[in-house]
Amino acid sequence: MQREGTTEYARIKEEGLRKEFEKWSWDFCEISDWNPSDWGAYSIIDNLMYLLKECFADLGAVMLLNLSVREYLEAILVSAYDQGMSIHALSRQRSDMIRGALISLCMIHDEEGCPQKWTLDEIFHITEEESDRAYLAGALWREMHIYVKDYDKEIWELEGEKEILYCGPVLECALRYLVECRKIFESQFSNNMEPALKRIRDTFAAFSGEDVEEVIVLIRGYIDIYQQILEQDLARYKGEAGKGTEENG
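Residues numbered from 1 in each chain as written. Predicted model: local features only at pLDDT ≥ 70, side-chain atom pairs only at ≥ 80, totals over all residues. Heavy atoms only, no water.

1. Comments concerning the pattern of salt bridges
For step 1, the next point in the chain: Evaluation of the coordinates by the stated rule reveals 13 salt bridges.
For step 2, the next point in the chain: Note that E54 and R99 form a salt bridge whose closest N and O atoms lie 3.8 Å from each other. Residue E54 is located in helix α2 (residues 41-65), and its partner R99 is located in helix α5 (residues 94-108); the two are separated by 45 residues in the primary sequence.
For step 3, the next point in the chain: Under the relative-accessibility criterion, E54 is labelled partly exposed at 25%. (Salt bridge = Lys/Arg side-chain N within 4 Å of Asp/Glu carboxyl O. Helix = DSSP H or I, 4+ residues; strand = E, 2+ residues; numbered from the N terminus. Buried < 20%, exposed > 50% of the residue type's maximum accessible area, 1.4 Å probe, protein only.)

2. What about the environment of L197?
For step 1, the next point in the chain: With respect to the helices, strands and loops of the structure, L197 is situated in helix α10 (residues 194-208).
For step 2, the next point in the chain: The sequence separation of L197 and L64 amounts to 133 residues, and the corresponding C-alpha distance is 7.0 Å.
For step 3, the next point in the chain: Every residue in contact with L197, bar those within four places of it in the chain, is listed here: L64 and F189. (Contact = heavy atoms within 4.5 Å.)

3. Structural notes on the packing of helix α3 (residues 69-82) against helix α6 (residues 120-127)
For step 1, the next point in the chain: Axis separation between α3 and α6 bottoms out at 10 Å; the angle between their running directions is 50°. With respect to each other, α3 and α6 are oriented oblique. Residues V69, R70 and L73 of α3 form the contact with α6, whose own contacting residues are E122, I123 and I126.
For step 2, the next point in the chain: Broken down by class, the residue content of the contact of α3 with α6 amounts to four nonpolar, no polar and two charged. (Axes fitted to C-alpha atoms, helices over the stretch in contact; angles between N-to-C directions. Parallel < 35°, antiparallel > 145°, perpendicular 65-115°, else oblique. Nonpolar A, V, L, I, M, F, W, Y, C, P; charged D, E, K, R; others polar.)

Next comes the structure, spelled out in structure tokens:
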């Protein structure tokens, strides 16, 4: 049995989820006049799995680095710029905008075990600025408001893979998945991880700035800590090995 939290465990769970989607597709088609190929069922499943994985990666980064909504928007922009993409080209990438909208809604969500971190007011105020970040915030704002427009439609009333993938009920399930992931992150991070989180966040903050000396000092500090841990582990190993030798003798 694979241990929970490992890459192999995640792969097995993903494959199980994919099979559940496929089973649902066939069960649905048995009570309708459709075939899976009629509405691109497998393509939709692949795209949905990709969307969930990308959302999970974004959420992990936001939670790990404790990003504000402004920092998250800036990270999206930097990634786009690195790929030679303009803000206008980026805003036309529907999957990216949906992903950003879901992350925003997840961080705005507030319930037990998943406290609100961002607000709609923050995002709206950013849209009033004059910058690429404001343009991006506006694109996400629109997706956050229009993604529920087809919520009351039955799936057979929708047309095309994109419309089915991005319909209200599907995205609501995706958002619920992210909220549950956030609860797990919140629980794990509160479980004796504060020292490690602080080191990671301090390093991120240093690399995000322009003070090269501060970065070097932080890196040296982490190397010193790592060296101390290695020395402690080595001493413990030597002690255990010596104890074992005495018992055998």
